Every structure is written in structure tokens, then in C-alpha cells.
Amino acid sequence: MAYARFSRDSDVYVYEDIRGGFVCERCPGVGQEFRCATAAEMATHLRQHQAKGDLVPDDAIVELESEPSS
Ligand SMILES: [Zn+2]
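To start, this report covers the structure provided alongside it.

Thresholds, definitions, all that
Residues take numbers from 1 onward in each chain, read along the sequence in its written order. Only residues with pLDDT of at least 70 are given local features in this predicted model, and only at 80 or more are side-chain atom pairs given and counted; all residues enter the totals for whole chains, interfaces and linings. To get the side-chain values, all heavy atoms of the structure are used, and hydrogens and water are removed first. Elements are defined by DSSP. Helices are runs of H or I of four residues or more, strands are runs of E of two residues or more, and each kind is numbered from the N terminus. Radius of gyration: C-alpha atoms only; globule rule: 2.2 Å multiplied by the number of residues to the exponent 0.38. Metal donors were taken as nitrogen, oxygen and sulfur atoms no farther than 2.8 Å from the ion, or 3.2 Å where the ion is Na, K or Ca. Water is excluded, so coordination may look unfinished. For a four-donor site, all angles between 85 and 135 degrees give tetrahedral; for four or six donors, opposite pairs above 155 degrees with the remaining angles between 65 and 115 give square planar or octahedral; all remaining cases count as irregular. A simple rule labels every residue: compare its accessible area, found with a 1.4 Å probe on the protein chains alone, to the largest value its type can have, and call it buried under 20%, exposed over 50%, or partly exposed in between. Any two strands with at least two DSSP bridges between them are considered paired. Criterion for a salt bridge: a side-chain nitrogen of Lys or Arg within 4 Å of a carboxyl oxygen of Asp or Glu.

1. A word on the overall build of the protein chain
So, step 1. In terms of helices and strands, the protein chain carries two helices and four strands.
So, step 2. When the helices and strands of the protein chain are listed from N to C terminus, the series reads β-β-β-β-α-α.
So, step 3. Over its C-alpha atoms the protein chain spans a radius of gyration of 11 Å, differing by no more than 12% from the 11 Å that the globule rule assigns to 70 residues.
So, step 4. The principal-axis extent of the C-alpha atoms belonging to the protein chain is close to 30 × 25 × 20 Å.

In C-alpha cells, the structure reads:
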């Protein structure tokens, strides 16, 4: 499922990979996908995007942070 999609309000496209882990597609500033294992790591990654001025929907971060960590 996608947490955020490219749109007027989002510079990022983030989803949970069916093979496991989380993906920031065409990560802005990196130019290729960014992958991490946990929702918490992706939430941190998205906060770093916000810190750089990239548009990230707050609810995407809230949703990731509310995922059970395993
Ligand atoms: Zn990214």
C-alpha cells in the first residue's frame, strides 16, 4: 500500500514493498529508490525530507509511525 503519492502536496512516493520493507520511489535528492526495513526508519527518512524542504504529507508520517514495529 502507498503512504504517499506524487501530487501537488507530495514530492515523495512511499509504499510498503510486497517483498518486505519500505520504499521511497525516485527519492528526491537521490534520484533512485531509497529502501529501509521498518516503518519507523521510513518515518525518519520522511522527516529528513521535510527538513530539506521537500513536500511530505504529515499523515503519511503519522501513519508510518503508528505501524506496529516488528
Ligand atoms: Zn526519500
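2. Some details on the coordination of the zinc ion
So, step 1. Binding of the zinc ion to the protein goes through C24 (SG), C27 (SG), H45 (NE2) and H49 (NE2), at separations of 2.0 to 2.3 Å.
So, step 2. For the zinc ion, the four donor atoms in the first shell make angles of 100 to 115° at the metal, so the coordination geometry reads as tetrahedral.
So, step 3. In primary-sequence terms, the residues that donate to the zinc ion follow C-x2-C-x17-H-x3-H. Within this pair, whereas C27 is found in the loop between β3 (22–25) and β4 (34–36), its partner H49 is found in helix α1 (residues 39–52), the two being separated by 22 residues in sequence. The exposure classification of C27 matches that of H49, with both residues buried.

3. Side note on the pairing of β3
So, step 1. Direction of pairing for strand β2 (residues 13–16) relative to β3: antiparallel, over a ladder of four bridges. By the bridge assignment, E16 is partnered in β3 with F22.
So, step 2. Sheet analysis places β3 next to β4, joined by three bridges and oriented antiparallel. Counterpart to V23 in the pairing with β4 is R35.

4. With respect to the pattern of salt bridges
So, step 1. If you walk through the whole model with that rule in mind, you get four salt bridges.
So, step 2. Between R19 and D17 there is a salt bridge whose closest N-O contact spans 3.3 Å.
So, step 3. The buried category is assigned to D17, whose relative accessible area is 6%.
So, step 4. One network of salt bridges, in which partners are shared, links D17, R19, E33 and R35.

5. Here's the deal with unusual backbone geometry
So, step 1. Positive phi, close to 45°, is recorded for R26, a residue that is not glycine.
So, step 2. Of note, R26 is situated in the loop between β3 and β4.
So, step 3. A relative accessible area of 55% places R26 in the exposed class.

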